[in-house]
Amino acid sequence: MTPFVKAFFDPATFTVSYVVREPHGKACAIIDSVLDFDHASGRTNTESADKIIAYVQAEELNVEWILESHVHADHLSAAPYIQEKVGGKIGIGDHITIVQDTFGKVFNEGTEFQRDGSQFDSLFKEGDSFMIGQMRGDVLHTPGHTPACLTYVIGDAAFVGDTLFMPDFGTARCDFPGGSSETLYNSIQKILALPDETRIFVGHDYKAPGRDEYAWETTVGEQKALNIHVGAGKSIEDFVSMRDARDATLAMPRLILPSLQVNMRAGQMPPADEQGDVFLKIPVNKL
Ligand SMILES: [Fe+2]
């Protein structure tokens, strides 16, 4: 089964969102959507999400799933907005509960913030499968970048979120709370065990030194041979020391504080106050 994959690149956050659809049908899933957010003004904007919605409507697709590869720290999810416009069930990994517990504490959310994943329509675990029309999706739990990261394998296409990036860029950081470079290395081995011709669609691209164009599609075979962090049989020891040293130099993503508060709620804003106003918190000296 070779699904048709349409990518939407957001240059503000370097995120790639995908619509994956049946080759000869109308069923589709939307993966890792973006709600635009201007940090300075605190304003949201639906331009990126509206492009996806316009595509889905123009092609008359049935949105069965709105999938998240993980709780993103660099952009807000547009899942609830898209769901309201075109339907679909919102799915994420069942280890979301760990992420909710961690950041529920960081943001002092109190008991009204449920940490059981109930904000999502479906919680997937390793080995689960689901249908998009006639197409089957299989779930790999691929933690390391975060505890809840999933890879969705749909036909010959693997949506790897933030595990592997393009071969010339390498891999995702592992220094967020609950992250682990050792765990990520082992998760990546699961992805690399897929057939060599499996298409890999990455969750971000930042270009790479010497490359002028954004890119987001590669294959398992190319990753195995060429990935600068894990390719050509790189050992776990080498990977862990490289990854940890590199992560120690990285700044926090610009939108991490708003992103986590919204994405751990399946893309919903925190509850409004008595006036109907919505606020996001900035925990001081916590991250
Ligand atoms: Fe991420």
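Refer to the structure above for everything that follows.
Reading the values: rules and limits
- Each chain has its residues counted from 1, running along the sequence as written.
- A pLDDT threshold of at least 70 governs which residues receive local features in this predicted model, and a stricter bar of 80 or more applies before side-chain atom pairs are shown or counted, although totals over entire chains, interfaces and linings include all residues.
- Hydrogens are left out, water is left out, and the side-chain values use all remaining heavy atoms of the structure.
- Only protein chains enter the accessibility calculation, which uses a 1.4 Å probe; a residue whose area is less than 20% of its type maximum is buried, one above 50% is exposed, and one in between is partly exposed.
- Going along the chain from the N terminus, every DSSP run of H or I of four or more residues is numbered as a helix, and every run of E of two or more is numbered as a strand.
- Relevant arc is that of directions from the helix axis to the C-beta atoms, nothing else.
- For this analysis, residues touch if any pair of their heavy atoms sits within 4.5 Å.
- Any two strands with at least two DSSP-identified bridges between them are counted as paired.
- Fitted lines through C-alpha atoms give the axes, limited to the stretch in contact for helices. The angle between two N-to-C directions lies from 0 to 180 degrees.
- Here the nonpolar core consists of buried residues drawn from Ala, Val, Leu, Ile, Met, Phe, Trp, Tyr and Cys, with membership extended through side-chain atoms lying within 4.5 Å.
- Between rings of Phe, Tyr and Trp, where Trp is taken as its six-membered ring, a pair exists when centres lie within 6.5 Å; planes separated by under 30 degrees are stacked, by over 60 edge-to-face, and by other angles tilted.
- In this analysis a donor is any N, O or S atom within 2.8 Å of a metal ion (3.2 Å for sodium, potassium and calcium), and since water is not included, sites may seem incomplete.
- Between N or O atoms, a polar contact is any pair within 3.5 Å; within protein, one atom must be a potential hydrogen donor and the other a potential acceptor, and residues adjacent in sequence are included only when both atoms are from side chains.
- Cysteine sulfur atoms that pair up within 2.5 Å are treated as a disulfide.

Enquirer: Can you help me understand helix α2 (residues 79-86) in this one?
Expert: Since there are 3.6 residues in each turn of an α-helix, residues three or four apart along the chain are aligned in direction. Taken together, the buried positions of α2 are occupied by A79, P80 and I82. The arc that holds the buried residues of α2, viewed along the axis, is 160°, so those residues lie on one side. Where α2 is buried, its residues touch β3 (27-31), α1 (47-58), β6 (62-67) and β7 (89-93). The positive-phi residue at the C-terminal boundary of α2 is G87, with phi of around 80°.

Enquirer: Quick question: what am I supposed to make of the sheet that holds strand β14 (residues 217-219) here?
Expert: As a general point, the strands of a sheet are linked pairwise by backbone hydrogen bonds and lie either parallel or antiparallel. The strand order β9-β10-β11-β12-β13-β14 describes an open sheet built from six strands, whose pairing is mixed. Each of the sheet's edge strands pairs with one partner strand only, and the pair in question is β9 (129-132) and β14. If you compare each strand with its neighbour and ignore which way they point, the axes differ by 30° on average. With respect to the sheet, helix α4 (residues 181-192) is in contact with β10 (135-141), β11 (150-154), β12 (157-161) and β13 (199-202), its orientation differing from that of β10 by roughly 155°.

Enquirer: Explain the nonpolar core to me, please; I cannot follow it from the model alone.
Expert: For soluble globular proteins, the rule of thumb is that nonpolar side chains tend to be buried together. In terms of nonpolar packing, the biggest core is built from 38 residues, with V19, I30, V56, I82, F103, F107 and L260 touching the most fellow members. Among the secondary structure elements, those contributing two or more residues to this core are β3, α1, β6, α2, β7, α3 (96-106) and α7 (256-263). The element that contributes the greatest number of residues to this core is α1, accounting for five residues. In this view, V56 contacts V19, C28, I30, L61, V63 and V86; residues no more than four positions away in its chain are not counted. Core analysis: the next-biggest nonpolar cluster, separate from the first, contains 24 residues, A158, F165, L194 and V220 among them.

Enquirer: Would you explain the packing of aromatic side chains in this entry?
Expert: Under the defined criterion, the tally for this structure stands at 18 aromatic pairs. Pairing W65 with F130 gives two aromatic rings, centres 5.5 Å apart and planes at 65°, and the pair type is edge-to-face. Of this pair, W65 sits in strand β6 while F130 is found in strand β9, placing the two residues 65 residues apart along the sequence. Look at W65 and you get buried, because its relative accessible area is 6%. Judged by its relative accessible area of 5%, F130 is buried. Following the ring pairs from residue to residue traces out a cluster consisting of F9, F14, F165, F169, Y206, Y214 and W216.

Enquirer: Sorry if this is basic, but what is going on with the coordination of the iron ion here?
Expert: Octahedral metals with six donors have ideal donor angles of 90 or 180 degrees. Tetrahedral metals with four donors have an ideal donor angle of 109.5 degrees. Protein coordination at the iron ion: the donors are H70 (NE2), H145 (NE2) and D162 (OD), at 2.1 to 2.4 Å from the metal. Expressed as a motif, the donor residue spacing for the iron ion is H-x74-H-x16-D. In this pair, H70 sits in the loop between β6 and α2 while D162 sits in the loop between β12 and α4, placing the two residues 92 residues apart along the sequence. Across the pair, D162 and H70 agree in class, each one buried.

Enquirer: Whenever I open this one, the sheet that holds strand β8 (residues 122-124) confuses me. Can you help?
Expert: Reading across from one edge, β1-β2-β3-β6-β7-β8 is the order of the six strands in this open sheet, with mixed pairing throughout. Each edge of the open sheet carries a strand with a single partner, namely β1 (4-10) and β8. Direction aside, the axes of adjacent strands within the sheet are offset by 25° on average. Strand direction decides the pairing type here: β6 and β7, joined by three bridges, are parallel. Paired with L67 across the strands is G91, a residue of β7. Docked against the sheet, α1 engages β1, β2 (15-21), β3 and β6, running at close to 160° with respect to β1.

Enquirer: I keep staring at the environment of T151 and nothing clicks. Help me out?
Expert: Position of T151 among the secondary structure elements: in strand β11. With 133 residues separating them in the primary sequence, T151 and Y18 have C-alpha atoms 13 Å apart. Setting aside residues no more than four positions away along its own chain, T151 makes contact with D138, V139, L140, T142, A158, F159, V160 and I191. In this structure the side chain of T151 is engaged in a polar contact, spanning 3.0 Å, whose partner is the side chain of T142.

Enquirer: Please clarify how the pairing of β2 should be interpreted in this entry.
Expert: Sheet faces and side chains relate simply in a regular strand, where the side chains alternate between the two faces. Among the seven residues that make up β2, seven are buried, leaving the element largely enclosed by the rest of the structure. Here β2 shows no split at all, with T15, S17, V19 and R21 on one side and V16, Y18 and V20 on the other all buried. Between the end of β1 and the start of β2, which pair antiparallel, lie four residues, with F14 showing a positive phi angle near 60°. Hairpin geometry of β2 and β3 is characterised by an intervening segment of five residues between the two adjacent antiparallel strands.

Enquirer: What should I look at first to understand the state of the cysteines in this one?
Expert: Such a bond, covalent and formed between the sulfur atoms of two cysteines, is termed a disulfide. Tallied over the full model, the rule gives zero disulfides. Residue C149 stays outside any disulfide, its sulfur separated by 8.9 Å from that of C174, the closest cysteine.

Enquirer: Any chance you could explain unusual backbone geometry here in plain terms?
Expert: Positive phi, normally seen in glycine, also occurs at D32, with a value near 55°. Within the secondary structure layout, D32 lies in the loop between β3 and β4 (36-38). By relative accessible area, D32 is classed as buried at 4%. Despite not being glycine, N285 has its phi angle at roughly 60°, a positive value.

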